[in-house]
Each structure stands twice: as C-alpha cells, then as structure tokens.
Amino acid sequence: MPSLKTDCIYQGACAEILDRLPEKSVDVVFADPPYNLQLGGELLRPNNSRVDGVDDAWDRFRDFAEYDAFTEAWLRACHRVLKDTGTLWVIGSYHNIFRVGARLQDLGFWVLNDVIWRKTNPMPNFRGTRFTNAHETLVWCSKGPDARYTFNYEAMKALNDGLQMRSDWSLPLCTGPERLKTETGEKVHPTQKPEALLHRIILASSNPGDVILDPFLGSGTTAAVAKRLGRRWIGIEQDPDYIAAARARIAAVTPVDDPTLVTTPRKRSEPRIPFGTVVERGLLPPGTVLSDAAGRWSARVRADGTLISADHRGSIHQVGAAVQGAPACNGWTFWHMRTQDTDAERLVPIDLLRQRLRAEMAAEGTGTTPESGGALQ
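Basis of the calculations
Sequence order as written defines the numbering, with residues in each chain counted from 1. Whole-chain, interface and lining totals are the exception, using all residues; otherwise, since this is a predicted model, local features are given only for residues with pLDDT of at least 70 and side-chain atom pairs are given and counted only at 80 or more. Derived side-chain values reflect all non-hydrogen atoms in the structure, with water molecules and hydrogen atoms excluded from consideration. What is meant by a nonpolar core is a set of buried Ala, Val, Leu, Ile, Met, Phe, Trp, Tyr and Cys residues, joined one to another through side-chain atoms within 4.5 Å. Under the scheme applied here, a residue whose accessible area is under 20% of the maximum for its type counts as buried, over 50% as exposed, and between as partly exposed, the area being computed with a 1.4 Å probe on protein chains only. In this description a helix means any DSSP run of H or I spanning at least four residues, a strand means any run of E spanning at least two, and both kinds are numbered starting from the N terminus. We call two residues contacting when some pair of their heavy atoms lies within 4.5 Å. Only when DSSP finds a minimum of two bridges between them are two strands counted as paired. Lines fitted to C-alpha atoms define the axes, with helix axes restricted to the stretch in contact, and inter-axis angles between N-to-C directions lie between 0 and 180 degrees. Reported orientations rely on four angle classes, namely roughly parallel under 35 degrees, roughly antiparallel over 145, roughly perpendicular from 65 to 115, and oblique for the rest. By definition, any crossing whose near helix is turned counterclockwise from its far helix by less than a right angle is left-handed, and any crossing with a clockwise turn is right-handed. The quantity known as pLDDT measures the predictor's confidence residue by residue, on a range of 0 to 100. Each polar contact in these results corresponds to two N or O atoms within 3.5 Å; when the atoms are within protein, one needs to be able to donate a hydrogen and the other to accept it, and residues that are neighboring in sequence are counted only if both atoms are side-chain atoms. When a carboxyl oxygen of Asp or Glu is within 4 Å of a side-chain nitrogen of Lys or Arg, the pair counts as a salt bridge. To pair, rings of Phe, Tyr and Trp, with the six-membered ring standing in for Trp, must have centres within 6.5 Å; the planes then decide the type, stacked if under 30 degrees apart, edge-to-face if over 60, and tilted in the middle. Note on criteria: charge over ring means Lys NZ or Arg CZ within 6 Å of the ring centre, with the direction from the centre no more than 35 degrees off the ring normal.

J.: Quick one: what's the story with the nonpolar core, residue by residue and with numbers?
T.: By size, the foremost hydrophobic cluster in this structure holds 32 residues, and its most contacted members are Trp 89, Leu 138, Trp 169 and Leu 197. Ranked by residue count, the leading element in this core is helix H5 (residues 195-205), at six residues. The residues touching Leu 197, leaving out its near neighbours within four places in the chain, are Ile 91, Trp 117, Leu 138, Trp 169 and Leu 171. Among the nonpolar cores identified, the runner-up in size contains 31 residues, and Leu 21, Leu 75, Cys 78 and Leu 88 belong to it.

In structure tokens, the structure reads:
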C-alpha cells in the first residue's frame with residue numbers, strides 16, 4: 001500500500017493520479033471539473049468588446065458520450081480514495097451538472113444536498129436571448145446511504161449569524177485582489193472560484209488535520225483555503241502554468257496556528273453541565289427569579305436545581321415548556337437572569353453560566369487559570 005503524500009500538487013490526468021493514491025485515504029473531495037460548455041462562436045458585449053469566455057482545450061469534448069466516460073472515470077477513482085466517512089463535493093452549471101449527478105448516483109454515491117451558489121455579481125446575458133445565468137449548483141455526497149460523515153452544523157449556524165444554514169448561498173464571483181492575474185493583466189485561470197465558497201465547504205465538512213483533495217486544482221483555491229484552515233491537502237492538475245501560479249499562491253498562505261480557532265465544538269461533544277451544578281456553585285442562589293426574554297413568565301430557583309413557577313415545578317426545561325404550553329423547551333436559552341450592565345439592568349440567558357463552567361473545565365484541562373467570579377451581577 002503506497003503512503004499518502006499530502007500538501008503537494010501532482011501533475012497529470014486526474015484519474016491516472018487518483019489510481020496511484022492509497023485506497024480510503026481522503027476525507028473530502030472538492031471537484032470543479034470541466035463544464036463542457038459547448039460554446040458556439042465568439043461572444044461580444046454591446047460595445048463589441050470580446051467576452052473572456054472558457055475556450056481552453058481542457059473544456060472541449062467531442063460529444064456527450066466522451067464527457068460521460070471522462071466523468072465516470074474520475075468519479076470512480078474518487079470513490080476509491082474516499083474514506084468510508086468521507087464526502088465529495090462537485091460543482092457545475094446547467095451544461096454538465098445533471099450528467100454528473102446521474103453518474104454520481106450510478107456509482108453508488110448518496111446525495112446529501114444540492115446547494116445553489118447564487119452569484120451576487122453574475123455576468124449578464126449579452127445577447128438578451130435567455131435569462132442571466134446567475135447560479136451554479138454544488139452536489140454534496142456521501143459514499144452510500146448509510147455512511148457516517150462529517151457535518152459541522154454548529155459552525156455553519158455560527159457562520160450564518162445563529163440561523164440554520166440554508167442550501168442557497170449568496171456569494172460574489174472571484175474578483176479584485178483575490179483574482180490571480182498574469183503580468184499582462186490577464187486572468188491566470190478563467191474559472192477561479194472565490195475563497196469564500198471553499199471556506200464554507202471545507203469548514204462544513206471536515207476537521208483540522210483532515211485531507212482535502214481537489215482533482216482539478218486549477219489556480220489552487222482549494223489548497224490555499226485548506227492550508228489556512230489547518231487541513232492537509234492534495235491537488236491534481238495538468239497545466240504547468242496553473243501549477244506554478246497555485247504553488248506561489250499556496251506558499252504565501254499562513255495557516256491558523258491554533259486549532260481551536262478553526263474548530264466549532266459540537267454541542268453534543270461538550271461536557272454536560274446539570275443546572276444543579278450552577279446552583280450549588282453559587283452562580284444562581286436559591287430564590288433567584290428567572291424570566292423569559294420578554295418578561296412574560298417567571299420562576300424561582302430551588303436549592304435542588306429545579307424551578308418553581310405559579311403553577312409548575314420541575315427542571316428548567318420542563319417548567320419552560322409548561323408555562324408556554326409547548327411540547328419541549330431548551331431551558332438554558334429560554335430562561336434569563338437579570339445582570340447589571342454599567343448603570344442599567346438587562347436580561348441575559350442562563351446559558352452564559354453553563355458556558356462559564358465549560359470554560360473553567362477546559363482551562364483545568366490545559367493547566368491555565370480561568371478568570372474567577374461568582375454570580376453575574
């Protein structure tokens with residue numbers, strides 16, 4: 001079994017290179033394959049200037065049959081190198097994504113999501129004969145219907161201001177200083193993807209130290225973002241000019257040196273803190289009055305870590321659900337306590353106390369001394 005060399009670019013055809021990599025050695029594949037755009041003739045803007053479209057040899061195929069055979073070859077090779085817990089992302093446009101999707105399913109991949117990348121600054125349809133093509137589609141797959149895989153739900157929620165991340169992403173095209181240019185000002189690569197897109201993909205579906213593979217590396221966006229986020233990476237590319245540009249770009253990236261900065265803990269993996277611990281530690285003394293954020297309902301803290309309201313008694317979750325007439329409730333975020341903020345009082349969720357205790361536990365594990373303090377005043 002060959003050893004896996006990471007943080008490097010392999011030059012050659014992707015399927016051939018993939019066949020030389022160890023089986024089940026990669027955590028995430030991000031693939032931006034040729035779209036087979038089938039462009040017919042030169043495209044001009046209204047001012048007769050030429051549109052810099054994709055007319056490179058790597059995007060030309062004789063017919064759909066040749067493209068399908070090419071697609072199946074690299075997808076089959078990716079399936080082999082992916083770990084059983086790994087996932088694959090592939091991006092495309094209407095020209096190719098439906099054909100790629102069919103090959104994915106034929107090979108046993110299981111579609112988890114299709115994600116719409118909505119371009120906030122798309123290229124207009126200069127001929128005025130169709131709708132503006134303002135999006136591309138990403139398909140995210142596991143190796144099979146029962147496969148376990150990484151999805152950093154909490155990271156995606158945090159990235160989206162505390163709201164569950166949706167499958168439609170509004171991000172701009174790669175422009176400005178991020179766009180690689182030659183000395184004469186031309187684009188190094190015609191379809192360079194924005195780093196923001198890869199940041200979201202890698203953060204969502206991998207962990208620090210995981211191996212990210214891009215079989216069509218191009219200008220190196222995947223590798224640059226993977227390095228910055230503390231992941232290992234492998235790139236495959238045929239074009240020597242693209243490889244040179246990618247290597248220079250990747251070399252300039254400084255990775256985050258603290259793994260905790262690129263990891264969002266899963267709530268289920270965090271230490272369980274019973275509400276009674278908050279009480280016995282004196283952070284919320286018995287008799288403290290809690291309320292919901294709007295002040296509609298209130299309850300008092302009991303010495304045994306339960307709450308008592310006008311009509312109910314039980315855990316923070318049970319009483320929170322009961323006063324609302326709801327089937328369930330997260331008492332940590334529902335119940336609030338009064339705290340002094342400069343000269344005014346304000347309500348803050350009691351979950352802050354749980355997070356304080358978790359931080360103390362983490363500090364004890366690293367040998368540091370946390371900032372001490374009693375109940376919030």
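J.: Run through the environment of Ala 196, naming residues and quoting values.
T.: One can find Ala 196 in helix H5. Accessibility expressed as a relative area gives 38% for Ala 196, which makes it partly exposed. Sequence spacing of Ala 196 and Val 225 is 29 residues, and the spatial spacing of their C-alpha atoms is 8.7 Å.

J.: Kindly report on the environment of Arg 148, identifying the contributing residues and their values.
T.: Structurally, Arg 148 can be placed in the loop between strand S5 (135-142) and helix H4 (153-159). Each C-alpha atom, one on Arg 148 and one on Asp 84, is 7.5 Å from the other, the two residues being 64 residues apart in sequence. Not counting residues within four places of it along the chain, the set of residues in contact with Arg 148 comprises Asp 84 and Thr 85.

J.: An account of the sheet that holds strand S4 (residues 110-119) is requested, with residue identities and associated values reported.
T.: As a general point, the strands of a sheet are linked pairwise by backbone hydrogen bonds and lie either parallel or antiparallel. Pairing in this open sheet of eight strands is mixed, and the strands run S1-S8-S7-S2-S3-S5-S4-S6 from one edge to the other. Every interior strand has two partners, whereas the edge strands, strand S1 (8-11) and strand S6 (168-171), have only one. On average, each strand axis in the sheet is tilted by 20° relative to the strand beside it, whichever way the strands run. Relative to S6, S4 runs parallel, the two sharing four bridges. Within S6, the residue paired with Arg 118 across the bridge is Ser 170. Those strands touched by helix H2 (residues 64-81) are strand S2 (26-31), strand S3 (82-92) and strand S7 (211-214), and its axis lies near 150° from that of S3. On top of the sheet, helix H3 (residues 97-106) reaches S3, S4 and S5; it is set at about 165° to S3, its chief contact.

J.: Describe the packing of H2 against H3, and please don't skip the residues or the numbers.
T.: For the pair H2 and H3, the least separation of the axes is 10 Å and the interaxial angle reads 45°. Taken together, the axis directions place H2 and H3 in an arrangement best described as oblique. Seen from above, H2 lies across H3 with right-handed handedness. For the pair H2 and H3, contact is made by Phe 64, Tyr 67, Asp 68, Thr 71, Glu 72 and Leu 75 and by Arg 99, Val 100, Arg 103 and Leu 104, respectively.

J.: Which residues make up the confidence of the model for the protein chain, and what are the values?
T.: Across the protein chain, the average pLDDT comes to 87, with 87% of residues at 70 or higher. Ignoring residues within four places in sequence, the model shows residues 366-377, a span with pLDDT below 50, making 19 contacts including any to other chains.

J.: An account of the packing of helix H6 (residues 221-228) against helix H7 (residues 240-251) is needed here, citing residue identities and associated values.
T.: As a packed pair, H6 and H7 sit with axes 9 Å apart at the nearest point and diverge in direction by 15°. One way to sum up the angle between H6 and H7 is to call them roughly parallel. The hand of the H6/H7 crossing is right-handed. Residues Thr 221, Ala 223, Ala 224 and Lys 227 of H6 pack against Arg 249, Ile 250 and Ala 251 of H7.

J.: Could you give me a rundown of the side chain of Glu 195, with the residues and numbers involved?
T.: In this structure, Glu 195 sits in helix H5. Note on Glu 195: relative accessible area 18%, which makes it buried. For Glu 195, the side chain forms a polar contact with the side chain of Arg 249, separated by 3.0 Å. Residues contacting Glu 195, with those up to four places away along its chain left out, are Glu 178, Thr 221, Ala 224, Val 225, Arg 228 and Arg 249.

J.: I'd like a rundown of the pattern of salt bridges, residues and numbers included.
T.: As a working rule, side chains carrying opposite charge can pair if their charged atoms are close by. The tally for this structure, following the rule as stated, stands at 16 salt bridges. In this structure, Lys 119 and Glu 136 form a salt bridge, with 2.8 Å as the shortest nitrogen-oxygen distance. Here Glu 136 lies in strand S5 and Lys 119 lies in strand S4, a separation of 17 residues in the sequence. Residue classification places Lys 119 among the buried residues on the basis of a relative accessible area of 12%. In this structure Glu 136 comes out as buried when scored by relative accessible area, which is 8%. Here Asp 304 and Arg 302 are joined by a salt bridge, their closest N and O atoms 3.7 Å apart. Linked through salt bridges whose partners overlap, the residues forming this network are Asp 68, Arg 99, Arg 103 and Asp 106.

J.: How would you explain the packing of aromatic side chains if you had to name every residue and give the values?
T.: To describe a pair of aromatic rings, one takes the distance between the centres and the angle between the planes. Per the counting criterion, the structure on display carries 11 aromatic pairs. Ring geometry for Trp 140 and Phe 151: centres 5.7 Å apart, planes at 55°, overall tilted. Of this pair, Trp 140 sits in strand S5 while Phe 151 sits in the loop between S5 and H4, and the two are 11 residues apart along the sequence. Classification of Trp 140 as buried rests on a relative accessible area of 4%. Taking relative accessible area as the criterion, Phe 151 reaches 36% and is therefore assigned partly exposed. Put simply, the rings of Trp 89, Trp 140, Tyr 149, Phe 151, Tyr 153 and Trp 169 pair up and form one aromatic cluster. For the cation-ring pair, Lys 119 lies above Trp 117, with the distance from its terminal atom to the ring centre recorded as 5.3 Å.

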